[in-house]
Amino acid sequence: MSYSYDDQNIFAKILRGEIPNDTVLETEHTLAFRDIQPQAPVHVLVIPKGAYVCHDHFAAEASEAEIIDFIRASAKLCDMLELSPGAGHDGYRTISNAGEAGIQDVPHYHLHILGGRSLGRMVPKPE
Ligand code: DGP
C-alpha cells in the first residue's frame, strides 16, 4: 500500500504551530482540538502527530506507541467531555472520513468525536 502525505494540509500546519487551534488535550503522540465548524454541541478532532493520511494508513503503519496513545487519548476525551455512557452520560459518535467516497476534506488522519445531542442515524438513507 502506498500513501502520499501532503504536508501543506491544514492539520499539518496546526501541528507545526502555523495556525492556531483550540486544544482540548495534547499527549506525546496525539493532539485533540475543537472543530472550527462544529456539527454538534461537542465536536472535537483527534489527530496523531505523525504524518498519516487516513485511518487505514495510521492503523497499518503507526507504531504501537502511537496507536495506544491515540486510542487512550480518545478515551480520556470521552471522559473529560462527559460523553461516556460508562459514566452515565448520553454517549457520542466517532467518525473518520477517508478519501473521496468518505468525503474527507483534510488529508491528515483524524477522528471526529461528536456529542451533546442525539445524533440521528449513522448514515442518512439515499433520497
Ligand atoms: P473531514 O471532512 O472529515 O476531513 O473533516 C475536516 C474537519 O476539519 C471539518 O469538520 C472542519 C475541520 N476544520 C477544517 N479546517 C479547520 C481548521 O483550520 N481548524 C479547525 N479547528 N478545524 C478545521
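Look a little higher up for the structure.
The structure reproduced in this document is the subject of the present report.

Rules and cut-offs
- Residues numbered from 1 in each chain as written.
- Predicted model: local features only at pLDDT ≥ 70, side-chain atom pairs only at ≥ 80, totals over all residues.
- Heavy atoms only, no water.
- Pairing = 2+ DSSP bridges.
- Helix = DSSP H or I, 4+ residues; strand = E, 2+ residues; numbered from the N terminus.
- Axes fitted to C-alpha atoms, helices over the stretch in contact; angles between N-to-C directions.
- Contact = heavy atoms within 4.5 Å.
- Core = buried A, V, L, I, M, F, W, Y, C linked by side-chain atoms within 4.5 Å.
- Buried < 20%, exposed > 50% of the residue type's maximum accessible area, 1.4 Å probe, protein only.
- Expected span 1.5 Å × (residues − 1).

## With respect to the sheet that holds strand S3 (residues 42-48)
Pairing within the open sheet is antiparallel, and its five strands lie in the order S1-S2-S3-S5-S4. Here the strands that pair on one side only, and so sit at the sheet edges, are strand S1 (23-26) and strand S4 (92-95). Strand-to-strand twist of the sheet, defined as the mean angle between neighbouring strand axes without regard to direction, takes the value 20 degrees. Here S4 pairs with strand S5 (residues 111-115) via four bridges, running antiparallel. Following the sheet pairing, tyrosine 92 is matched in S5 by glycine 115. Lying over the sheet, helix H3 (residues 64-80) contacts S1, strand S2 (30-34), S3, S4 and S5, oriented at roughly 135 degrees with respect to S1.

## Section: the nonpolar core
Formed by 18 residues in total, the largest nonpolar core has its most connected members in Val44, Val46, Leu77 and Leu81. Secondary-structure elements contributing two or more residues to this core are S1, S3, H3 and S5. At four residues, H3 tops the list of elements feeding residues into this core. Listed in part, the seven residues of the second largest apolar core include Ile14, Phe33, Leu45 and Val106.

## Section: H3
When the terminal C-alpha atoms of H3 are compared, their 24 Å separation across 17 residues agrees well with the 24 Å that a helix rising 1.5 Å per residue should span. Every buried residue of H3 is accounted for by Glu66, Asp69, Phe70, Ala73, Ser74, Leu77 and Cys78. Looking at the buried positions of H3, the neighbouring elements they touch are S1, S2, S3, helix H2 (55-61), S4 and S5. Two residues or fewer after H3 comes glutamate 82, characterised by a positive phi angle close to 60 degrees.

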